Amino acid sequence: EMIERARAKRAWEATLPPLNDVSQLEKRRKMMDEMERKEWALREQEIEKLQEARLEVLKQLLKKREENHAELNIKRLDKLWSKKQKEKDAKVKKIRNEHIKTIRKLTRKRGKVEGQMERRDIIQEYSNFGSQTYAPLTRIGMFLDRGSEQYVVKSRHLSTYQGLLELEASLPDFVVNPRVKAPKPKTVTKTGYMKRKYRQEQELKDMHQTIVEEKEKGELEPKPLRFLQKIEKPIPRPPTPTVDVPSEDQEHAVDKSEEEEKELAVIFLQQVIRGRAIQNMIFEGKEKRQELIKELRSTHALQEAEQQMKQQEKQATLALQRQRRLHEHKELLVDEAMSQLEGSSLADTMDFLSKELVRLQEERRIHAFSMLAERQRRIREAEESGRRQVEERRRREEDEVFKQVVKVHQRSVDTYLEDIILGSIDKTADEQARGEIMDQAEKINDVAYEIEESRTQLQSEEIVADLVHCFLLPEVQKTTMREKVRRDQRKYLLAAHKEIHKEGEEILSMHAKPVKPESSKEGSS
């Protein structure tokens, strides 16, 4: 734009009438005045553009300040609302707690209408697992889970993916890759009893072992009777001594007779208890020696009838034992078949369940590892995207800096070339003007000398008046007009500068961070 102006000014200067033409001096003066007005108008336009740009910046700053004020007001209102909401919740909670406490007190008072104190029923408390002994209430100051955080396991091997990898690498192969083994059949049930099948097998083993041992021992010498021994009778208890009651006065006879009756009743009760105790001892001895009595009866049965009866009893017993063995054998076969079916079905079921359990554990472990790997992948993607954004932002900044530097260099080159061109133009114009002025001055001097030699006093005064009117008065009017225009614009410029600097300094002091990019952009533009 400046180059275009310089070219236009050069073209305009080329259209100016020459200075040596006296008849064109007025036209030249008017053209110069018109050009000066145009330059002043251009300067005023530039000033107005600058003022408009500053006003636009001021409007943006004011708009940003209003937005920041509105945002601060919204945050303040939100904070106040949340505070009031918390206070309301706290009050409601307090009122509810007071209500529950009052209801509990009223319930206790109604339970003790008569005002009787109830003792603590310790048996009831220990028999009820929901009582204060087993489950104390928190509101009375008991916290069962107090200090539970000290038992929480905090380890790097459990909280990080790298720790899990190290833990997996440190474990042996059979932990990471379990080997499925067929479960052994359980010989004992959950309640602790041995199953019938295995119990019978154990009995058969014991019986076989006993038979083998008996065969190895051979015939043994007859042993004496183990239970045949002499029983000594206990020494008979001496009779209970009695004391003769001395006679007393008749006024105490009735009381004494009652006491005697009581004493006799007590003695009779003692005798009954002692007799019952002796009977119990005899019965216990008989029960203890029942086998000996049977053996004596079987060995010393001398009568044939008794021997026949014993033989019949023996045959009946053997027949019953045979029937029982057959029945037990049948039951054993049925139980064995049923147990085999149950065992096969239970073995298949337990095998299937154990394999399903191992599969579920492996599936959960693989799912956990996949989730950890997915989380690690997302974290790495987020870090990579963040680094990529930072790199792109840095690249854009560097490109912008390079553009601005290139732009500044270009402007510097343009300004330097423009200064050189303008300097050369001004120098050439100055030299040319000086040469023309010198030529004109010599011509004017020649003319002036000629006129000076032939002019009169009146002509001299007329020339002086014309010079004053043509050169001095227009310059004075021009200077006066410039001073007036400058004085008129000065107050508006001062007012605009004052407002811009005042508001701009306040906004910059309040919002220093958001204004920095704007100021940098304005400086670069």
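Keep in mind that this is a model prediction, so the values were computed, not measured.

1. Some details on the overall build of the chain
- What the chain contains, in helices and strands, is 12 helices and 0 strands.
- Order of helices (α) and strands (β) in the chain, N terminus to C terminus: α-α-α-α-α-α-α-α-α-α-α-α.
- Out of the 525 residues in the chain, the part that is buried amounts to 6%.
- Considering only contacts in the chain between residues 6 or more positions apart, those separated by 24 or more positions represent 57%.

2. As for the packing of helix 1 (residues 2-15) against helix 2 (residues 25-111)
- Where helix 1 contacts helix 2, the axes come no closer than 11 Å and their chain directions differ by 170 degrees. It follows from the interaxial angle that helix 1 and helix 2 lie roughly antiparallel. Relative to helix 2, the crossing made by helix 1 is right-handed. Residues Arg 5, Lys 9, Trp 12 and Thr 15 of helix 1 lie in contact with helix 2, whose contacting residues are Met 31, Met 32, Met 35, Glu 39, Leu 42 and Glu 46.
- For the contact of helix 1 with helix 2, a count of residues per class yields 5 nonpolar, 1 polar and 4 charged.

3. Some words on the confidence of the model for the chain
- Here the chain averages 78 in pLDDT, and 82% of its residues register 70 or above.
- Mean pLDDT across the secondary structure elements of the chain bottoms out at helix 12 (residues 512-524), with 42, and peaks at helix 2, with 88.
- Contacts for the low-pLDDT stretch residues 513-525, under 50 throughout, to residues beyond four places or in other chains number 10 contacts.

4. Quick notes on the packing of aromatic side chains
- Enumeration over the complete set of coordinates arrives at 2 aromatic pairs.
- Ring plane angle 80 degrees and centroid distance 6.2 Å describe the contact between Tyr 126 and Tyr 134, whose orientation is recorded as edge-to-face.
- With a relative accessible area of 45%, Tyr 126 lands in the partly exposed category.
- For the ring pair Phe 129 and Tyr 134, a centre distance of 5.0 Å and an interplane angle of 45 degrees mean the geometry is tilted.
- Members of the aromatic cluster, each reached through a chain of ring pairs, are Tyr 126, Phe 129 and Tyr 134.

5. Overview of helix 2
- Given a rise of 1.5 Å per residue, 87 residues ought to cover 129 Å, and the 127 Å separating the end C-alpha atoms of helix 2 matches this to within 8%.
- For helix 2, every residue scored as buried is listed here: Arg 28, Met 31, Met 35, Glu 36, Leu 58, Leu 61 and Arg 65.

6. Regarding a nonpolar patch on the surface
- Residues Val 153, Leu 158, Leu 167, Leu 171, Phe 174 and Val 175 make up a contiguous nonpolar surface patch of about 550 Å² in total accessible area.
- Accessibility expressed as a relative area gives 43% for Val 175, which makes it partly exposed.

7. Some points on the pattern of salt bridges
- Here the structure, examined in full by the defined rule, presents 18 salt bridges.
- Note that Arg 378 and Glu 374 form a salt bridge whose closest N and O atoms lie 3.4 Å from each other. On the criterion of helical spacing, the pair formed by Arg 378 and Glu 374 is a turn pair, its members being 4 residues apart in helix 10 (residues 304-454).
- The class for Arg 378 is exposed, based on a relative accessible area of 54%.
- Here Arg 394 ties to Glu 391 by a salt bridge, and the two come within 2.9 Å at their closest N and O atoms. Here the residue Arg 394 and the residue Glu 391 both occupy positions in helix 10, the gap between them amounting to 3 residues, near one helical turn.
- Overall, Glu 391 belongs to the partly exposed group, its relative accessible area being 38%.
- Several salt bridges share partner residues, and in doing so they unite Glu 374, Arg 377, Arg 378 and Glu 381 into one network.

8. Here's the deal with the environment of Ile 3
- In this structure, Ile 3 sits in helix 1.
- Considered as a pair, Ile 3 and Thr 415 are 412 residues apart in the sequence and their alpha carbons are 9.9 Å apart.

9. Description of a negative patch on the surface
- A cluster of acidic residues, Glu 436, Asp 439, Glu 442, Asp 446, Glu 450 and Glu 453, forms a negative patch at the surface.
- In this fold, Glu 442 is placed in helix 10.
- Owing to a relative accessible area of 47%, Glu 442 belongs among the partly exposed residues under this scheme.

10. Focus: a positive patch on the surface
- On the surface, Lys 79, Lys 83, Lys 84 and Lys 91 cluster together into a patch of positive charge.
- Following the sequence through the fold, Lys 83 ends up in helix 2.

11. Section: the environment of Gln 489
- Among the secondary structure elements, Gln 489 is positioned in helix 11 (residues 457-510).
- Note: C-alpha distance between Gln 489 and Glu 44 (445 residues apart in sequence) is 9.6 Å.

Conventions adopted
Residues numbered from 1 in each chain as written. Predicted model: local features only at pLDDT ≥ 70, side-chain atom pairs only at ≥ 80, totals over all residues. Heavy atoms only, no water. Helix = DSSP H or I, 4+ residues; strand = E, 2+ residues; numbered from the N terminus. Buried < 20%, exposed > 50% of the residue type's maximum accessible area, 1.4 Å probe, protein only. Contact = heavy atoms within 4.5 Å. Axes fitted to C-alpha atoms, helices over the stretch in contact; angles between N-to-C directions. Parallel < 35°, antiparallel > 145°, perpendicular 65-115°, else oblique. Left-handed = near helix turned anticlockwise from the far one by under 90°. Nonpolar A, V, L, I, M, F, W, Y, C, P; charged D, E, K, R; others polar. pLDDT = per-residue confidence, 0-100. Phe/Tyr/Trp six-rings, centres within 6.5 Å; stacked < 30°, edge-to-face > 60°. Expected span 1.5 Å × (residues − 1). Patch = residues over 30% accessible without salt bridge, like charges linked within 9 Å, V, L, I, M, F, W, Y side chains within 5 Å. Areas by Shrake-Rupley, 256 points an atom, 1.4 Å probe, with all protein chains shown as cover. Salt bridge = Lys/Arg side-chain N within 4 Å of Asp/Glu carboxyl O. Lys, Arg positive; Asp, Glu negative; His and termini not counted. Charge placed at Lys NZ, Arg CZ, Asp CG, Glu CD.

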